[in-house]
Amino acid sequence: MATLVTACPICEGLIELRDPRKGLRVECPDCQGLWMVTSVSPLKLEVALDMENETIRADPSDEWPR
Ligand SMILES: [Zn+2]
């Protein structure tokens, strides 16, 4: 299985994704930020807002909330 490495959008620390897939949640080892994979190719991470909610949104939002 593929392993991808990407940079954390917040701290730019390296996040390793083993067998990345849409909806996968990852935690940044540096800042403990929680991210969700919203797209694999190209790889996109979005803030995982609610870890206790298992609902996976398939909304392909390209806009980064400011
Ligand atoms: Zn980070």
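Structure: above.
Since the structure is predicted, the reported quantities are computational estimates derived from the model, not experimental observations. (Residues numbered from 1 in each chain as written. Predicted model: local features only at pLDDT ≥ 70, side-chain atom pairs only at ≥ 80, totals over all residues.)

Draft legend 1. Structural view of the pairing of strand E4 (residues 34–39). In the sheet, strand E3 (residues 25–27) pairs with E4 via three bridges, with the strands oriented antiparallel. Directly across from Arg25, in E4, lies its bridge partner Met36. Sheet topology note: the E4/strand E5 (residues 44–47) ladder contains four bridges and is antiparallel. Bridge pairing links Ser39 to Lys44 in E5. (Pairing = 2+ DSSP bridges. Helix = DSSP H or I, 4+ residues; strand = E, 2+ residues; numbered from the N terminus.)

Draft legend 2. Summary view of the sheet that holds E3. Overall, antiparallel pairing links the three strands, which are arranged E3-E4-E5 in an open sheet. With partners counted over all chains shown, the strands left at the sheet margins are E3 and E5, one partner each. Each strand axis lies, on average, 40° off the axis of its neighbour in the sheet, ignoring direction. (Axes fitted to C-alpha atoms, helices over the stretch in contact; angles between N-to-C directions.)

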